[in-house]
Amino acid sequence: MERVLISGAAGFLGSNLCNKFLKEGFEVIGMDNFITGSPKNLSSFIAHPNFSFINQDVSEYISIKGSLDYILHFASPASPIDYLRIPIQTLKVGSLGTHNILGLAKAKQARVLIASTSEVYGDPLVHPQTEEYYGNVNPIGPRGVYDEAKRFQEALTMAYHNFHGLETRIVRIFNTYGPRMRLNDGRVIPAFMGQILRGEDLTVFGDGSQTRSFCYVDDQVEGIFKLLFSDYHLPVNIGNPVEISILDFAHEIIKLTQGQSKIVFKDLPVNDPLQRCPDITKAQKILNWNPKTDRKTGMKKTFEYFKSLSRDELYETTYKNFDKYIKK
Ligand code: NAD
Ligand code: UDP
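Because the structure is predicted, anything quoted here is derived from the model rather than measured.

This part takes up the pattern of salt bridges. Enumeration over the complete set of coordinates arrives at 19 salt bridges. Where D272 meets R143, a salt bridge forms, and the shortest distance between an N and an O atom there is 4.0 Å. Pair noted here: D272 is in the loop between strand 13 (263–266) and helix 8 (281–287) and R143 is in the loop between strand 5 (111–117) and helix 4 (144–164), with a separation of 129 residues, a long-range link. For D272, a relative accessible area of 11% gives the class buried. Residue D185 pairs with R187 through a salt bridge whose shortest N-O separation is 2.7 Å. Assessed through its relative accessible area of 23%, R187 is described here as partly exposed. In this structure, a network of salt bridges that share partners links the residues E119, R143, R212, D272 and R276.

And the structure:
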């Protein structure tokens, strides 16, 4: 049985990847320090005979007994308010954490897949974003801690590939959503759905004309799985290219959930990308991958998940001082 290490296993994507690899017959070792993840995300497979868990910060030296065939590095805060709250940890996990993961992969002769992001394109001047675009990132802006950590992560990964001959894969993930997202992580889908469930107004930042393109988690996981087993080592965008403005999206969510909420406008966060949409030609050609879940279907499944949460979870607000993060 092949062994795979998944960092960030208690997070949204990491836990969904654990499910996938267990289902495909791998032995899975999950690693996480729960800084933004939750033990609850592990609950459906923690007792699986082929799953084991290590509670560890990947920015510290990692030691694993036995062989490893694959490593998926998904540990990192991923939501803007998370990486604004814990900027140093974000920089460390993208740099030192990635260095540890690559060193481990080299020692074990494992193939490694690194979770990068559409944020490497910053506030893009090329639209839709192809992998060839170098990006437009403000290194010292509030999002710089995440964007630059991820850009460094890609550079380090390519250096291990070119210098050490390590087998590497880089996925540039575009906004992905679905069950196991944290309701209070501040990302737009949990934010809007939480507001609807609490009977609050939906907070649209800026005038809502900024765009995003939302990919359902099952499609994302399938794309990542295919990329790992491809022979392509350069970055590949995985996301859903159906683009929508945040204001239209707010109206769509209210309609879809039959919510009674109104829309209120708040300041646009600093350096919030004005448009984002993946060019997925590469994933289509190289991986024969296409997203299959339309937004309506994915959003319904996600809303069902959020509806199933307890009242405590619905009203839990980790970020009471959120406003200070978004004021210009
Ligand atoms: P998440 O916050 O749900 O999961 C991240 C997990 O990593 C959490 O469980 C957290 O506790 C863990 N973690 C963070 N720092 C760690 C450390 N130093 N040591 C050990 N564990 C640590 O976020 P997510 O949405 O699942 O994102 C997972 C990965 O995918 C991240 O690398 C993120 O940058 C990338 N990504 C996600 C999206 C998206 O739309 N979800 C988009 C682009 C990139
Ligand atoms: N957004 C919003 N209201 C919210 C949360 C987010 O209007 O309550 C906007 C945010 O400004 C951004 C978009 O929704 O333009 C997506 O934000 P998210 O935090 O989900 O991810 P990003 O793509 O910015 O990393």
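Right, let's talk about the sheet that holds strand 2 (residues 27–32) for a bit. Judged by pairing direction, the sheet is parallel, and its seven strands sit side by side in the order 3-2-1-4-5-6-11 without closing on themselves. Either end of the sheet is taken by a strand with one partner, and the two such strands are strand 3 (51–55) and strand 11 (236–238). Across the sheet, the mean angle separating the axes of adjacent strands is 20° when strand polarity is ignored. Pairing of strand 1 (residues 3–7) with strand 4 (residues 70–73), which is carried by four bridges, proceeds in the parallel orientation. Considered in strand 4, the bridge of L5 is made with I71. Relative to strand 4, helix 3 (residues 87–108) is tilted by about 175°, and along the sheet it contacts strand 1, strand 4, strand 5 and strand 6 (168–173).

Close contacts around ligand 1 come from 29 residues, with L13, D32, T36, D57 and Y146 the closest. For ligand 1, an oxygen atom lies 2.8 Å from a polar atom in the backbone of F12. For ligand 1, an oxygen atom lies 3.0 Å from a polar atom in the backbone of G37. Within the complex, the protein chains bury 96% of what would otherwise be the 820 Å² of accessible surface of ligand 1. No other element matches strand 5, which puts three residues into the shell around ligand 1. Looking at the shell around ligand 1, its residues break down into 13 nonpolar, twelve polar and four charged.

With that out of the way, let us pick up the site of ligand 2. Every one of the 18 residues lining ligand 2 counts as a neighbour, but V188, T203, R212, D272 and R276 are closest to it. The separation between a nitrogen atom of ligand 2 and a polar main-chain atom of T203 is 2.5 Å. F205 is positioned such that a nitrogen or oxygen atom in its backbone is 2.8 Å from an oxygen atom of ligand 2. Considering ligand 2 on its own, with 520 Å² of exposed area, one finds that the protein chains cover 94% of that surface. Listing elements by their share of the shell around ligand 2, those giving two or more residues are helix 5 (188–197) and strand 8 (202–205). Split by residue class, the shell around ligand 2 holds eight nonpolar, four polar and six charged.

For the rest of this paragraph, the subject is the packing of aromatic side chains. The tally for this structure, following the rule as stated, stands at 17 aromatic pairs. Between F214 and F249 the ring centres are 4.5 Å apart and the planes differ by 20°, which places this aromatic pair in the stacked class. In this pair, F214 sits in the loop between strand 9 (211–213) and strand 10 (215–216) while F249 sits in helix 7 (residues 246–256), placing the two residues 35 residues apart along the sequence. A connected cluster of aromatic rings, assembled from ring pairs, spans F21, F26, Y70, F225 and F229.

The next subject is the confidence of the model for the chain. Detailed reading of the predicted model is not advised wherever pLDDT is low. The predicted model of the chain has a mean per-residue pLDDT of 95, with 96% of residues at 70 or higher. Ranking the helices and strands of the chain by mean pLDDT puts strand 4 first, with 99, and helix 11 (residues 322–326) last, with 45. In this model residues 320–328 is a low-confidence stretch, pLDDT under 50, and it forms twelve contacts with partners more than four residues away in sequence or in other chains.

Time to look at the environment of S43. Tracing the sequence through the fold places S43 in the loop between strand 2 and strand 3. Along the primary structure S43 and I189 are separated by 146 residues, whereas in three dimensions their C-alpha atoms are 23 Å apart.

Look at any regular strand and the pattern is simple: side chains alternate between the two faces of the sheet. Most of strand 2 is tucked away: five of the six residues are buried. Where strand 2 meets strand 3, five bridges bridge the pair, whose relative direction is parallel. What sits directly across from I29, in strand 3, is S52.

Scanning the model with the defined rule gives zero disulfides in all. With no disulfide of its own, C215 lies 12 Å from the sulfur of C277, the closest cysteine sulfur. Take C215: its relative accessible area is 0%, and that puts it in the buried class. Take C277: its relative accessible area is 7%, and that puts it in the buried class.

Conventions and cut-offs
- Residues numbered from 1 in each chain as written.
- Chains lettered and ligands numbered in written order.
- Predicted model: local features only at pLDDT ≥ 70, side-chain atom pairs only at ≥ 80, totals over all residues.
- Heavy atoms only, no water.
- Salt bridge = Lys/Arg side-chain N within 4 Å of Asp/Glu carboxyl O.
- Helix = DSSP H or I, 4+ residues; strand = E, 2+ residues; numbered from the N terminus.
- Buried < 20%, exposed > 50% of the residue type's maximum accessible area, 1.4 Å probe, protein only.
- Pairing = 2+ DSSP bridges.
- Axes fitted to C-alpha atoms, helices over the stretch in contact; angles between N-to-C directions.
- Contact = heavy atoms within 4.5 Å.
- Near = heavy atom within 4 Å.
- Polar contact = N/O pair within 3.5 Å; in protein donor to acceptor, adjacent residues only side chain to side chain.
- Areas by Shrake-Rupley, 256 points an atom, 1.4 Å probe, with all protein chains shown as cover.
- Nonpolar A, V, L, I, M, F, W, Y, C, P; charged D, E, K, R; others polar.
- Phe/Tyr/Trp six-rings, centres within 6.5 Å; stacked < 30°, edge-to-face > 60°.
- pLDDT = per-residue confidence, 0-100.
- Disulfide = S-S within 2.5 Å.

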